[in-house]
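Spelled out, the chains give:
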Number of protein chains: 4
Amino acid sequence: MTVQAPSRPSSGAPTQGVSAERTPGGVTAAQRAEIETARAAPPLPTRRPTVPALEEILFQPLPVLDHGFVRVIDYFGDDGAVVQAARVSYGKGTKKVSDDRNLIRYLMRHRHTTPFEMCEIKFHVKLPIFVARQWIRHRTANVNEYSARYSILDREFYVPVPAQLAKQSQANRQGRGEVLQGAEAEHALAAIESLSAEAYATYERLLNEDMQGNVGDPARSGLARELARMVLPTNYYTQWYWKIDLNNLFHFLSLRADAHAQHEIRVYAETICGIVEKWCPLAYQAFRDYRMTGAAVSGPGLVIIRRMIAGEQVTQESSGLSKREWAELMAVLGRPV
Amino acid sequence: MTVQAPSRPSSGAPTQGVSAERTPGGVTAAQRAEIETARAAPPLPTRRPTVPALEEILFQPLPVLDHGFVRVIDYFGDDGAVVQAARVSYGKGTKKVSDDRNLIRYLMRHRHTTPFEMCEIKFHVKLPIFVARQWIRHRTANVNEYSARYSILDREFYVPVPAQLAKQSQANRQGRGEVLQGAEAEHALAAIESLSAEAYATYERLLNEDMQGNVGDPARSGLARELARMVLPTNYYTQWYWKIDLNNLFHFLSLRADAHAQHEIRVYAETICGIVEKWCPLAYQAFRDYRMTGAAVSGPGLVIIRRMIAGEQVTQESSGLSKREWAELMAVLGRPV
Amino acid sequence: MTVQAPSRPSSGAPTQGVSAERTPGGVTAAQRAEIETARAAPPLPTRRPTVPALEEILFQPLPVLDHGFVRVIDYFGDDGAVVQAARVSYGKGTKKVSDDRNLIRYLMRHRHTTPFEMCEIKFHVKLPIFVARQWIRHRTANVNEYSARYSILDREFYVPVPAQLAKQSQANRQGRGEVLQGAEAEHALAAIESLSAEAYATYERLLNEDMQGNVGDPARSGLARELARMVLPTNYYTQWYWKIDLNNLFHFLSLRADAHAQHEIRVYAETICGIVEKWCPLAYQAFRDYRMTGAAVSGPGLVIIRRMIAGEQVTQESSGLSKREWAELMAVLGRPV
Amino acid sequence: MTVQAPSRPSSGAPTQGVSAERTPGGVTAAQRAEIETARAAPPLPTRRPTVPALEEILFQPLPVLDHGFVRVIDYFGDDGAVVQAARVSYGKGTKKVSDDRNLIRYLMRHRHTTPFEMCEIKFHVKLPIFVARQWIRHRTANVNEYSARYSILDREFYVPVPAQLAKQSQANRQGRGEVLQGAEAEHALAAIESLSAEAYATYERLLNEDMQGNVGDPARSGLARELARMVLPTNYYTQWYWKIDLNNLFHFLSLRADAHAQHEIRVYAETICGIVEKWCPLAYQAFRDYRMTGAAVSGPGLVIIRRMIAGEQVTQESSGLSKREWAELMAVLGRPV
């Protein structure tokens, strides 16, 4: 007997080291079997709000990058919970679907964010360490990460596909420019792979043990895990449970699904966008319209827009804006600088 | 059609003003009917962890004070989610039930708090404003409160039962001493009731409108709700949705279910303790043993305990502690000062 | 000898009950003397960033409403600290003043909020309870409030000036419409004052003690402070220390200095805007341009603006927007609906 | 003219790449000169609480590990600010130093944590990435980290001193056991150094640029910085500004200056302990007595202590505790298991 609810098999918690055979999506055969068993178990009855489209994909690893994934482990609330929270604040309202949609859009437009905090979701994510380092900067979430002080990390590291091997951007001090070509691209890939492989070989030598618990040289002690791990580069994969409310998740997505985000975190954010669209479709659409495809225009920018709508030919000089602010405003308006 | 899942009736969201008839527990007949309908609806199937003992009481108002209540509206996770989060951090472990219990107690003992953040619960609470003012000081929660800027507050105020009418404590600059007797108690109750009633009469006169929307004097405009409300005393009831993770809930309970907490918030905390015991029994037991009935002993205090166990007769003078620290240590040890 | 730095007198911490004589701005004569002494003390030398314009007003109560105030008690950082934090992230940059200004505006425009968290300020605020209840909803701040469990509250309550006595707005389900006239206004003021005065009389009768510690009827015990306070309406004043970083303060100000905020909290927010302008003038100007006078335009809204700039006569019907979204967009563009 | 206060030179913000010459403590000669200039500048007058012992070390890098440091950049409040905040809550109190000390100890003992939030401090820290990954898990702080998307990381990596090269602990699934001896230690050091050096060579080859901006092979584009960085192991140094209030700092220190913390983060925590002792000596002493050298004893544990003080010979069997809980209680009491 376990403490979990009866007839509820484990939903595929990470069990590194059980099997070294990789299957697509960074999931071992043993993990995949465990997930399938969990998904095949008879569902339990609940009085809680339930979202069939999300139940459909519950526990399933959605592959990201070469060995990463995102899985939904649990959720709480739906579009209705947002509406319910808003109505306790703002009083009675009509109950038709059009009103729910408009109410949610109103909340999003006016940054009435607390009703969106009434939805919560938990993910299991497998991701490179350098991505995890950006991700963790979002503080308003709950995290439990796989610990390399206790356990040995898998031999799994991220190598970009050639289309992502780009040079430093000239226009943007951060970010990428054109894609590398030919020999340079080949050499870059080879260099990343060979350094990563060598780092793992050093890691195993220091540990004097492999993931199956086989000791290397019986005459040696091996170095503590918390020390040996320091030689692994940040393209090695880690994993965690990550739990967050919908309001803070939207904030995360607005920064990380943005075109300025680094590609390697953006692909995770885009996968999560697809999940949120299933979970809370009205809230997601409002988020996309107001936060993803919209723009914040400054007070001076609004004055310029009014002049332009009135037919005036405004230039950077006559706008009063700095060159950079002018260029960004023109980009928002889809006009040449 | 509503945006909520099909066949999911509203679970009794606050609909003030629908009916002024009160029923026990501060719930109107209309609300009670709505709650009964929600509870009678066929349950939906889910793959999520489900706690039958909590499903049993879902949506039900548990009465607190004279017109207040606590209702569980939604939850997420269980004891198993705490264990799962700890294991992703600390690696594989045995799976027997005794291990889950010991693991949870280990986490509680060593203040490894993040696994407890993997459980989340949402309450609907009706409570006096002065209790709400203490409650809201716990910042790590999500709140949506009924707004008296938009809506008219009910004519419901808290009046203590005679056993709670106590004088100021002498020993403790905060808190209560002996219970008032006879005429003084009667006068105090009468004074609270009469002032509260008169405040509501002033409120209605200022609004020039009652909760059913009936206008008083057609020749008058009435004062805006956001202004009129200022005459209501803090024993008037408000209500909110309050969502929090289990770790932060334990922190709230450790302060508010404590003997030093004001009686009027402690009864809410005790009701919630009963709910958490149903929801996560292993975590709750560990919390009770380590945080509620245990004590934090200082380094100097530990030295004294060791001397006492070794048979020494330690006095305040020979302890090196201040009188107050000595008295508190003796209280922890159940010894006379 | 005190634990504070030598020659540093107390800066006017609240000492209720020392004197009942009120002076303008809700400060007693004794408090005012204490503040004057603190301000007259010789300044101490520091290596920390120092803002002369803020030192100028340090500790001084800036009056708000009829008995409230805001005082700056301490601060940390300046515009330079924002720049310094951004540069550790984004690397070397030019050092001219125009660059600091443009860098700060860039950070504000792109919601790179963490550098603004490097400035911190602490206020002492005296405010009505119903304002405190809105204010405290901003969770990312540190608060220590005067406790009516320990101490007796002053006989100070807020009564609006006649120009603020407005009826409920028809256009806006929240907020105020036209100002009340003549007899209705007079009766409203009288009703607020008389109820407030009667509540305090009840409070004192329940306590059987006044603020100077004089016992009323020696034959009675008096009710505990934590209970007696419940009869005071929410227009009574409380006070607290409130400490917040500049990023979260901007979020507070964007909501509370907004035209939709309730007048009684907006006047506090506007007073704080004036303080921030002295403290971090570049950050404040960027905040005003981007967050206060600017607007968030949705993706569909941007498409409409582009069509209008191109000369098209767009109507609500041809816009694809709902009536409400169309009306709000036209308001942003300063055009008739 | 700069936006910073007049005559306030930069206090030594990180300017990587200016000079590759290392000096002790991980600070370049150029940085050291900048720090010296800042410290030599005439102090400015302020009315704020000022702590001479902290001013003394302001901006100075305190070396940690082989290339790391901690520097105090700014601070806000002192022991007096804790007392002031407590007194606004709890009312008037005596003013003698013994009372301040006792009040602070009372707050610490009863976990009245909000007054400690009224002090704030900002550090500049240079630390290995694997330490930064543990550190950042403390969410209630403000952080601005040096960005390897914008800038090139220095060739600086952590190599443990031989006394820290320990094997995995047997008793503790996390942590270190005995120190490695002889050839194994030498090989481990050599392996860490050689892999780290090779990773940097790969990094530079991928970038096709060095920190001075010298392009390697003019025929190549070089890989974007945000990609190239992924080959650097987690023993490479990063740096950040880190700002936190005293209450949350105590929580950080209670976990990270603890004997169970990994050595490499504990040395940072211990350096910060020394700083806090200068800054808020009364609060620090209370923290040490109650949080560092004290222990949380469970309710069942207290019952056993009472039996032992009464002279009973309690054994694990007669205690009712599990073996592990018994062993930990005996450790707290300094007794053999």
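Treat the numbers as computed from the prediction; the structure is a model and nothing was measured. (Residues numbered from 1 in each chain as written. Chains lettered and ligands numbered in written order. Predicted model: local features only at pLDDT ≥ 70, side-chain atom pairs only at ≥ 80, totals over all residues. Heavy atoms only, no water.)

Q: What's the story with the relation of the copies chain B and chain C in this structure? I'm lost.
A: Superposing the two chain copies requires a rotation about an axis and a translation along that axis. Superposition of chain B onto chain C requires a rotation of 180° combined with a translation of 0.0 Å along the rotation axis, giving an RMSD of 0.0 Å. Those values place the two copies in the arrangement expected of a two-fold rotation axis. When C-alpha positions in chain B are compared against the rotation axis, the closest is assigned to Pro233 of chain B, at 1.8 Å. With an isologous cut-off of 70% or more, the 100% of interface residues of chain B that recur at the interface of chain C puts this contact in the isologous class. (Least-squares fit on C-alpha atoms with pLDDT ≥ 70 in both. Contact = heavy atoms within 4.5 Å.)

Q: Got a minute to help me understand the nonpolar core in this structure?
A: For soluble globular proteins, nonpolar side chains are generally found buried alongside one another. In this structure, Trp135 and Trp242 of chain B together with Trp135 and Trp242 of chain C are the most contacted members of the largest nonpolar core, which totals 182 residues. When neighbours within four sequence positions are excluded, Trp135 of chain B is seen to be in contact with Val125, Leu127, Trp240, Trp242, Phe252, Ile265, Tyr268 and Ile272 of chain B. With 181 residues, the next largest nonpolar core counts Val82 and Trp242 of chain A together with Ile272 and Ala283 of chain D among its residues. (Core = buried A, V, L, I, M, F, W, Y, C linked by side-chain atoms within 4.5 Å. Buried < 20%, exposed > 50% of the residue type's maximum accessible area, 1.4 Å probe, protein only.)

Q: What is the right way to read helix H6 (residues 182–207) of chain C from this model?
A: One turn of the α-helix equals 3.6 residues, which is why residues spaced by three or four share an orientation. Over its 26 residues, H6 of chain C runs 38 Å from end to end, which matches the ideal 38 Å to within 8%, given 1.5 Å per residue. Following H6 of chain C by one or two positions, Asn208 of chain C adopts a phi angle in the positive range, close to 60°. (Helix = DSSP H or I, 4+ residues; strand = E, 2+ residues; numbered from the N terminus. Expected span 1.5 Å × (residues − 1).)

Q: Any chance you could explain the packing of aromatic side chains here in plain terms?
A: Going through the model one piece at a time under the given rule, you end up with 54 aromatic pairs over all chains. Here the aromatic rings of Tyr284 of chain A and Phe287 of chain A are separated by 6.1 Å at their centres, their planes lie at 45°, and the arrangement is tilted. Placement of both Tyr284 of chain A and Phe287 of chain A in helix H10 (residues 281–292) is noted, with a separation of 3 residues, approximately one turn of the helix. Accessibility expressed as a relative area gives 0% for Phe287 of chain A, which makes it buried. On the numbers, 5.4 Å between centres and 65° between planes, the contact of Tyr200 of chain B with Tyr203 of chain B is edge-to-face. Taken together, the residues Tyr200 of chain B and Tyr203 of chain B, both in helix H6 (residues 182–207) and 3 residues apart, mark about one turn of the helix. Judged by its relative accessible area of 0%, Tyr203 of chain B falls in the buried class. Each residue in the set Phe123, Trp135, Trp240, Trp242, Phe252 and Tyr268 of chain A is aromatic and connected to the rest through ring pairs, giving one cluster. (Phe/Tyr/Trp six-rings, centres within 6.5 Å; stacked < 30°, edge-to-face > 60°.)

Q: Where do I start with the packing of helix H8 (residues 246–256) of chain B against helix H10 (residues 281–292) of chain B in this structure?
A: Each pair of packed helices gets described by two things: the angle between the helix axes and the distance between those axes. Residue and element names in this part refer to chain B. Where H8 meets H10, the closest approach of the two axes is 11 Å, and the angle between their N-to-C directions is 40°. As judged from the angle between their axes, H8 and H10 are oblique. For H8 against H10, the interelement crossing comes out right-handed. Touching Leu246, Phe250, His251, Leu253 and Ser254 of H8 are Ala283, Tyr284, Phe287, Arg291 and Met292, all from H10. Across the contact of H8 with H10, the residue classes tally to 7 nonpolar, 2 polar and 1 charged. (Axes fitted to C-alpha atoms, helices over the stretch in contact; angles between N-to-C directions. Parallel < 35°, antiparallel > 145°, perpendicular 65-115°, else oblique. Left-handed = near helix turned anticlockwise from the far one by under 90°. Nonpolar A, V, L, I, M, F, W, Y, C, P; charged D, E, K, R; others polar.)

Q: Is there a simple way to explain the pattern of salt bridges in this structure?
A: Pairs can form between side chains of opposite charge whenever their charged atoms are close. Following the criterion strictly, the structure yields 80 salt bridges over all chains and no others. The partner of Lys126 of chain D in a salt bridge is Glu156 of chain D, with the nearest N and O atoms 2.5 Å apart. Of this pair, Lys126 of chain D sits in strand S6 (residues 120–128) while Glu156 of chain D sits in the loop between strand S7 (142–145) and strand S8 (166–168), and the two are 30 residues apart along the sequence. Judged by relative accessible area, which is 3%, Lys126 of chain D ranks as buried. With relative accessibility at 2%, the residue Glu156 of chain D sits in the buried group. Through salt bridges with shared partners, a single network forms among Arg105, Arg109 and Asp289 of chain A together with Arg324, Glu325 and Glu328 of chain C. (Salt bridge = Lys/Arg side-chain N within 4 Å of Asp/Glu carboxyl O.)

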